[in-house]
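Read off the chains here:
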Amino acid sequence: MDFNSGMGAVQRRMAQTQEGVGRRKATFEALGIAAGQHVLDLGCGGGHLLRDLALSVGSKGRAVGLDPSEPQINAAKDLCKELDNVEFSQDSATRLSFADDAFDSVASIQVLEYIPDVDAALAEVHRVLKPTGRFVSVSVLWDHWRFHGPEPKLNEQMHEAFKAHCSHQMLPLQMPAKLARHGFVGAQCTPIGFMNNSLHHNSFAWLASSLLSHFAQKQGIPKADVERWREQLDQAVEDGRFGFVSMPVLTTAIAR
Ligand SMILES: C[S@@+](CC[C@H](N)C(=O)[O-])C[C@H]1O[C@@H](n2cnc3c(N)ncnc32)[C@H](O)[C@@H]1O
């Protein structure tokens, strides 16, 4: 997925939906933030979590937003512009420029599944966390990310096309073993699934349908088929049989 394109802008809108707020709240609570801490938001996107983290750690603390995408970093800078304890790093999670033991906690919402060498990223997270530092990440079980309502064959084609949008379809299943290999202890996974029955224009489902439509066309699905799929979504809403289901998983672990 190219977050430098229009899809980045759609992603930032998704982060502001009720479901986006919900996963940030779950992440924030699991981090157990205290004033004065140093925290890293890995793949900070538009900076919504980063801003909350910076406000919480206060002037004696430090919040760093890292993202390789310039438009994402710029959006995050704009959102955090009145805060003086925020720093940015336009970089990949696989190659962090921070010293060993630099952070009390690291957060990462829907980022790791986009990183082909996710083990390199986890090794870096472990390196920059202090011993007993906390890592909290959210990744999606993409095989269960699904629209319901359109005709099955076309619906399947659309979802198949979307598989190429990230590197790891079912990363949460592998996280506990990966974290243990990289020196973390106490990994715990909590599903934070949700369902939308509406396609109103600020719903997660509507924004997700825009993203999927755009991506499917790029993957070679004809525009007419994509339009037909969207019409069938609307029809399913009208008939009272539409649903969109997603199953993100919150994973927490402690650096040893
Ligand atoms: C779905 S967005 C999530 C953004 C933000 N965490 C949120 O919840 O709104 C995924 C983000 O991961 C970033 N990303 C992609 N590859 C990355 C990498 N190798 N290292 C760090 N971030 C990466 C993208 O640029 C994008 O901003």
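Heads up: these notes are all about the structure in this document. (Residues numbered from 1 in each chain as written. Predicted model: local features only at pLDDT ≥ 70, side-chain atom pairs only at ≥ 80, totals over all residues.)

For the rest of this paragraph, the subject is the overall build of the chain. When you go through the chain residue by residue, the secondary structure sums to nine helices and ten strands. On C-alpha atoms alone, the chain measures out to a radius of gyration of 19 Å, which is about the 18 Å that the 2.2 N^0.38 rule sets for 256 residues. Once the C-alpha set of the chain is aligned to its principal axes, its extents read approximately 55 × 40 × 30 Å. (Helix = DSSP H or I, 4+ residues; strand = E, 2+ residues; numbered from the N terminus. Rg over C-alpha atoms; globule rule 2.2 N^0.38 Å.)

What follows is about the nonpolar core. Within the largest apolar cluster, 45 residues are counted, with the highest numbers of intra-cluster contacts made by Leu-50 and Val-106. When neighbours within four sequence positions are excluded, Leu-50 is seen to be in contact with Asp-41, Cys-44, Ala-63, Gly-65, Ala-76, Cys-80 and Val-86. Counting residues in each nonpolar core, the second largest holds 19 residues, with Phe-147, Leu-212, Ala-216 and Leu-233 among its members. (Core = buried A, V, L, I, M, F, W, Y, C linked by C-beta atoms within 7 Å. Buried ≥ 20, exposed ≤ 12 C-beta atoms within 10 Å, placed from the backbone. Contact = placed C-beta atoms within 7 Å.)

We now examine helix H8 (residues 204-218). The end-to-end C-alpha distance of H8 is 21 Å, a good match for the 21 Å that 15 residues give at a rise of 1.5 Å each. Burial in H8 covers these residues: Phe-204, Ala-205, Trp-206, Leu-207, Ala-208, Ser-209, Leu-212, Ser-213 and Ala-216. Within two residues after H8, Gly-220 carries a phi angle of roughly 100 degrees, on the positive side. (Expected span 1.5 Å × (residues − 1).)

Around the ligand lies a shell of 22 residues, among which Ala-15, Gly-43, Gly-45, Ala-93 and Ile-109 are the nearest. When grouped by side-chain class, the residues that make up the shell around the ligand number eleven nonpolar, ten polar and one charged. (Near = placed C-beta within 6 Å. Nonpolar A, V, L, I, M, F, W, Y, C, P; charged D, E, K, R; others polar.)

On to the pairing of strand S5 (residues 129-140). Among the twelve residues that make up S5, nine are buried, leaving the element largely enclosed by the rest of the structure. Relative to S5, strand S4 (residues 103-109) runs parallel, the two sharing six bridges. Bridge pairing in S5 links Ser-105 to Arg-134. Judged from the seven bridges that link them, S5 and strand S10 (residues 248-255) form a sheet pairing that is antiparallel. Looking at the pairing, Phe-135 lines up with Ala-253 of S10. (Pairing = 2+ DSSP bridges.)

This part is about the packing of helix H6 (residues 152-162) against helix H9 (residues 223-239). Contact pair H6 / H9: the axes reach a minimum separation of 10 Å and the direction vectors enclose 115 degrees. Here H6 is positioned roughly perpendicular relative to H9, judged by the angle of their axes. Relative to H9, the crossing made by H6 is left-handed. Counting all contacts with H6, which are made through Leu-154, Asn-155 and Met-158, the residues of H9 involved are Asp-225, Arg-228 and Trp-229. Classifying every residue of the contact of H6 with H9 gives three nonpolar, one polar and two charged. (Axes fitted to C-alpha atoms, helices over the stretch in contact; angles between N-to-C directions. Parallel < 35°, antiparallel > 145°, perpendicular 65-115°, else oblique. Left-handed = near helix turned anticlockwise from the far one by under 90°.)

Taken together, the buried positions of helix H1 (residues 6-15) are occupied by Gln-11, Arg-12, Met-14 and Ala-15. Each buried residue of H1 lies within a common arc of 155 degrees when the element is viewed along its axis, so the set occupies one face. Looking at the buried positions of H1, the neighbouring elements they touch are helix H2 (18-31), helix H3 (48-57), helix H4 (70-79) and H8. (Arc of directions from axis to C-beta.)

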